[in-house]
Amino acid sequence: QVQLVESGGGLVQAGGSLRLSCAASGRTFTMYIMGWFRQAPGKEREFVATINWGGGSTLYADSVKGRSTISRDNAKNTVYLQMNSLKPEDAAVYYCAASRRSSGSEYRGDLYDYWGQGTQVTVSS
């Protein structure tokens, strides 16, 4: 089992940047594919980005591609989401998640086994 704790959210002006972090407990962090998802009020949860075990493969939602970078530091059991050129529509609660399986569909939230509690990102226009 793994516990995930997100941090780094906050209020930022449009065009600004934030780096979200997700710290994982346990000694098996490298066994998990990690993902970031977000949910805005009144909307369904949506995929943001995912990274494989070693960090060599990433996937991004079209909505954040080119503006965001997912990375991981396996020595620190931490995954990051660097977000630049933030837009008001990026405002949401951001969740990190861990999956034990490689399915080829890592954009699907239902394939993730563990979730953090979320961190709020607010973007002012």
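Residues numbered from 1 in each chain as written. Predicted model: local features only at pLDDT ≥ 70, side-chain atom pairs only at ≥ 80, totals over all residues. Heavy atoms only, no water.

Draft legend 1. Examining the pairing of strand β1 (residues 4-7) more closely. Residues of β1 alternate between two faces, with L4 and E6 buried on one and V5 and S7 left unburied on the opposite face. Here four bridges tie β1 to strand β3 (residues 18-24), and the two strands are oriented antiparallel to one another. Bridge pairing in β3 places E6 opposite C22. (Buried < 20%, exposed > 50% of the residue type's maximum accessible area, 1.4 Å probe, protein only. Helix = DSSP H or I, 4+ residues; strand = E, 2+ residues; numbered from the N terminus. Pairing = 2+ DSSP bridges.)

Draft legend 2. Molecular detail of the sheet that holds strand β7 (residues 68-73). With respect to topology, four strands assemble into an open sheet ordered β1-β3-β8-β7, the strand pairing being antiparallel. Edge positions in the open sheet fall to β1 and β7, since each of these has one partner strand only. Across this sheet, the average inter-strand angle for adjacent strands is 15°, counted without regard to direction. Examined bridge by bridge, β7 and strand β8 (residues 78-83) share six bridges and lie antiparallel to one another. (Axes fitted to C-alpha atoms, helices over the stretch in contact; angles between N-to-C directions.)

Draft legend 3. Local environment of the packing of aromatic side chains. For the structure shown, the criterion picks out five aromatic pairs. For the ring pair Y32 and Y114, a centre distance of 5.9 Å and an interplane angle of 75° mean the geometry is edge-to-face. Residue Y32 is found in the loop between β3 and β4 (33-39), and its partner Y114 is found in strand β10 (residues 114-115); the two are separated by 82 residues along the sequence. Grouping residues by exposure puts Y32 and Y114 together as buried. One aromatic cluster is present, formed by F37, F47, Y112 and W115 through successive ring pairs. (Phe/Tyr/Trp six-rings, centres within 6.5 Å; stacked < 30°, edge-to-face > 60°.)

Draft legend 4. Main features of the nonpolar core. Core analysis: the biggest nonpolar cluster contains 35 residues, and L4, M34, W36, L81 and Y94 have the highest contact counts within it. At the level of elements, β3, β4, β5 (46-51), β8, β9 (92-99) and β11 (119-124) are the ones that each hand at least two residues to this core. By residue number, the principal contributor to this core is β9, which donates five residues. If we skip the residues at most four places from it in the chain, Y94 touches E6, L20, W36, F37, R38, V48, L81, M83, G118, T119 and V121. (Core = buried A, V, L, I, M, F, W, Y, C linked by side-chain atoms within 4.5 Å. Contact = heavy atoms within 4.5 Å.)

Draft legend 5. Structural context of the state of the cysteines. All chains considered together, the criterion is met by one disulfide. Across a sulfur-sulfur distance of 1.9 Å, C22 and C96 are joined as a disulfide pair. Around the S-S axis, the bridge from C22 to C96 shows a dihedral of about 40° and counts as right-handed. Of this pair, C22 sits in strand β3 while C96 sits in strand β9, placing them 74 residues apart in sequence. Comparing C22 with C96 shows no difference in burial state: the two are buried. (Disulfide = S-S within 2.5 Å.)

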